[in-house]
Amino acid sequence: MERVAGVSQTTIQRTITALVKQRKIKKIGNGRYTKYAWNWEDER
């Protein structure tokens with residue numbers, strides 16, 4: 001959120017959720033320690 005000033009937390013969460021569903025990014029872990037990484041394996 002620090003890197004995208006002016007964008008709400010809700011918008012960021014919706015975007016991340018959409019990217020996970022599209023398999024563009026991978027979710028790593030759960031809870032407060034969740035991280036995300038680009039899913040290079042599915043990029044074609």
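Residues numbered from 1 in each chain as written. Predicted model: local features only at pLDDT ≥ 70, side-chain atom pairs only at ≥ 80, totals over all residues. Heavy atoms only, no water.

1. Describing the overall build of the protein chain
Secondary structure summary: the protein chain contains 1 helix and 2 strands in total. Seen along its three principal axes, the alpha-carbon backbone of the protein chain occupies a region of about 30 × 25 × 15 Å. Classification of the 44 residues of the protein chain by burial places 7% in the buried group. If you sum the accessible surface of the protein chain, you get close to 4,300 Å²; carbon and sulfur atoms cover 51% of it. Side chains of the protein chain give 10 positive and 4 negative charges; the mean places of these two sets differ by 7 Å. (Helix = DSSP H or I, 4+ residues; strand = E, 2+ residues; numbered from the N terminus. Buried < 20%, exposed > 50% of the residue type's maximum accessible area, 1.4 Å probe, protein only. Areas by Shrake-Rupley, 256 points an atom, 1.4 Å probe, with all protein chains shown as cover. Lys, Arg positive; Asp, Glu negative; His and termini not counted. Charge placed at Lys NZ, Arg CZ, Asp CG, Glu CD.)

2. A short note on the pairing of strand S2 (residues 35-38)
Summarising the sheet, strand S1 (residues 25-28) and S2 pair through 4 bridges and their orientation is antiparallel. If you follow Ile 28 over to S2, its bridge partner there is Lys 35. Here S1 folds back onto S2, and the loop between the two strands holds 6 residues, one of which, Gly 29, carries a positive phi near 90°. (Pairing = 2+ DSSP bridges.)

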